[in-house]
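Understanding the architecture of this molecule
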Amino acid sequence: MRLDKYLAHAGYGTRSEVKRIISKGLVEVNGVVIKKDDQKIDETNDEIIVAGAVSNYTKHVYLMLHKPAGVISSNYDPMHKTTKDLIHGYDHLQTFPVGRLDLDTEGLLIITNDGLLAHQLLSPRYHVDKTYYVEFSGDYKAIYTSLFETGVTLEDGYLCMPSHIELLSEHTALLTIKEGKYHQVKRMFMVLDMTVTYLKRVSFGPIKLDENLKKGTFRPLTEDEILALKKVVS
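Reading the values: rules and limits
Counting starts from 1 at the beginning of each chain's written sequence and moves along it residue by residue. Since the coordinates come from a predicted model, pLDDT governs what is reported: local features require at least 70, and pairs of side-chain atoms require 80 or more to be given and counted, while whole-chain, interface and lining totals use all residues. Side-chain descriptors were evaluated using all non-hydrogen atoms of the structure, hydrogens and water having been removed beforehand. Whenever a carboxyl oxygen of Asp or Glu lies within 4 Å of a side-chain nitrogen of Lys or Arg, that contact is scored as a salt bridge. Helix and strand definitions follow DSSP, with helices as H or I runs of at least four residues and strands as E runs of at least two, each counted in order from the N terminus. Burial classes: relative accessible area under 20% of the type maximum marks a residue as buried, over 50% as exposed, and values in between as partly exposed (1.4 Å probe, protein chains only). Under the pairing criterion, centres of Phe, Tyr and Trp rings, with the six-membered ring standing for Trp, must be within 6.5 Å; the plane angle then separates stacked pairs below 30 degrees from edge-to-face pairs above 60, leaving the rest tilted. Note that the arc is defined by the directions from the helix axis to the C-beta atoms. Two residues form a contact once any of their heavy atoms are found within 4.5 Å. Strand pairing requires that DSSP identify at least two bridges connecting the strands.

**Describing the pattern of salt bridges**
Note on pairing: side chains with opposite charge can pair once their charged atoms come close. Within this structure, the stated rule accounts for 13 salt bridges. Of the charged contacts, one joins Asp-4 and Arg-15 as a salt bridge, the two residues approaching to 3.9 Å between their closest N and O atoms. Of this pair, Asp-4 sits in helix α1 (residues 3-9) while Arg-15 sits in helix α2 (residues 15-23), and the two are 11 residues apart along the sequence. By relative accessible area, which is 38% here, Arg-15 ends up partly exposed. Notably, a salt bridge pairs Lys-178 with Asp-129, separated by 2.7 Å at the nearest N-O pair. Taken together, the residues Lys-178 in the loop between β12 (172-177) and α6 (184-190) and Asp-129 in the loop between α4 (115-122) and β10 (130-137) connect sequence positions 49 residues apart.

**Focus: the packing of aromatic side chains**
Enumeration according to the criterion identifies six aromatic pairs in this entry. Here the aromatic rings of Tyr-90 and Phe-218 are separated by 6.0 Å at their centres, their planes lie at 75 degrees, and the arrangement is edge-to-face. A residue pair is termed long-range when its members are at least 10 positions apart, and Tyr-90 in the loop between α3 (83-86) and β8 (96-97) and Phe-218 in strand β15 (residues 218-220) qualify at 128 residues. Residues Phe-136 and Tyr-140 carry aromatic rings whose centres are separated by 6.2 Å and whose planes lie at 50 degrees to one another, so their mutual orientation is tilted. Among the residues examined, Phe-136 registers a relative accessible area of 3% and is labelled buried. Cluster of aromatic residues (ring-pair linked, three or more members): Phe-136, Tyr-140, Tyr-144, Phe-148 and Phe-189.

**With respect to unusual backbone geometry**
A positive phi angle is found at Gln-94, which is not glycine, with a value near 55 degrees. Along the chain, Gln-94 falls in the loop between α3 and β8. The backbone of Asp-193 sits at a positive phi, close to 65 degrees, despite the residue not being glycine. Of note, Asp-193 is situated in the loop between α6 and β13 (195-204).

**Let's talk about α2**
Note that an α-helix has 3.6 residues per turn; residues three or four places apart therefore point the same way. Among the residues of α2, those classed as buried are Val-18, Ile-21 and Ile-22. Here the buried residues of α2 occupy an arc of 100 degrees about the axis, which is enough to place them on one side. Residues of α2 that are buried sit in contact with α1, β1 (27-29) and β3 (48-50). Following α2 by one or two positions, Gly-25 has its phi on the positive side, about 75 degrees.

**So, the sheet that holds β1**
Consider a sheet: its strands pair through backbone hydrogen bonds, and that pairing is either parallel or antiparallel. In space, the four strands of this open sheet follow the order β2-β1-β3-β4, with antiparallel pairing throughout. Only two strands of the sheet have a single neighbouring strand rather than two, namely β2 (32-33) and β4 (53-54). Bridge count for β1 against β2 is two bridges, and the pairing is antiparallel. In the strand pairing of β2, Glu-28 is matched with Val-33.

**Observations concerning the pairing of strand β11 (residues 164-169)**
Bridging between β11 and β12 involves five bridges; their strand directions are antiparallel. From the neighbouring strand, Leu-167 faces β12, where its bridge partner is Ala-173. Here β11 folds back onto β12 in antiparallel fashion, the turn holding two residues.

**Considering the environment of Ile-72**
Tracing the backbone shows Ile-72 in strand β6 (residues 71-72). In sequence terms Ile-72 and Asp-104 are 32 residues apart; their C-alpha atoms lie 8.7 Å from each other. Those residues in contact with Ile-72 that sit more than four places away from it in its chain are Asp-77, His-80, Lys-81, Thr-82, Thr-83 and Leu-103.

Without other data, these values stay purely geometric and don't point to any function.
Structure (structure tokens):
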């Protein structure tokens, strides 16, 4: 990797800003001052020192965000606050949400810049579970449980993959699905003459929403959580 690209990705500034840092002789690679911004380096094994401090480079980042209602799962939206607006200190790593939650849906979103893992987690090939806490209106009939288990047919004729529902009370449930169709949970309840009034994702694959994470805040995934995510698609 070029030295200027490395420094930009490591958060030391824009390409033009890191070029100035390099030209001033503030960067050492393995103990040697480097003034060429196109110097090739090994970002994994080389020791990079910037202004006397060792640089710790992270290629991929994995974050857990507790998304609140009213926030778009996107890096840009002209009308609403986005998940990008809630993630501070990682702009240089070009992070993005893995999948989407509706505007009014709360809960767990994984934020990363690992494109391959994100693709795998969303791929129908791996059937990664996503569990939602659902509050709904309307009458839940006993036959609905078997319909969820065998696959609900949506209003457009699409047959959903089998899901699992656990009733918590007369109007609350935990629903686990393996897909992520547009408004899928709401549409599954709608075709059964029920209306979702509140929706919150509580887990994605092996990752559960941290109960201590307040709405609108985030934290890095632990090493164990990252390994568990990668294992589920291996």
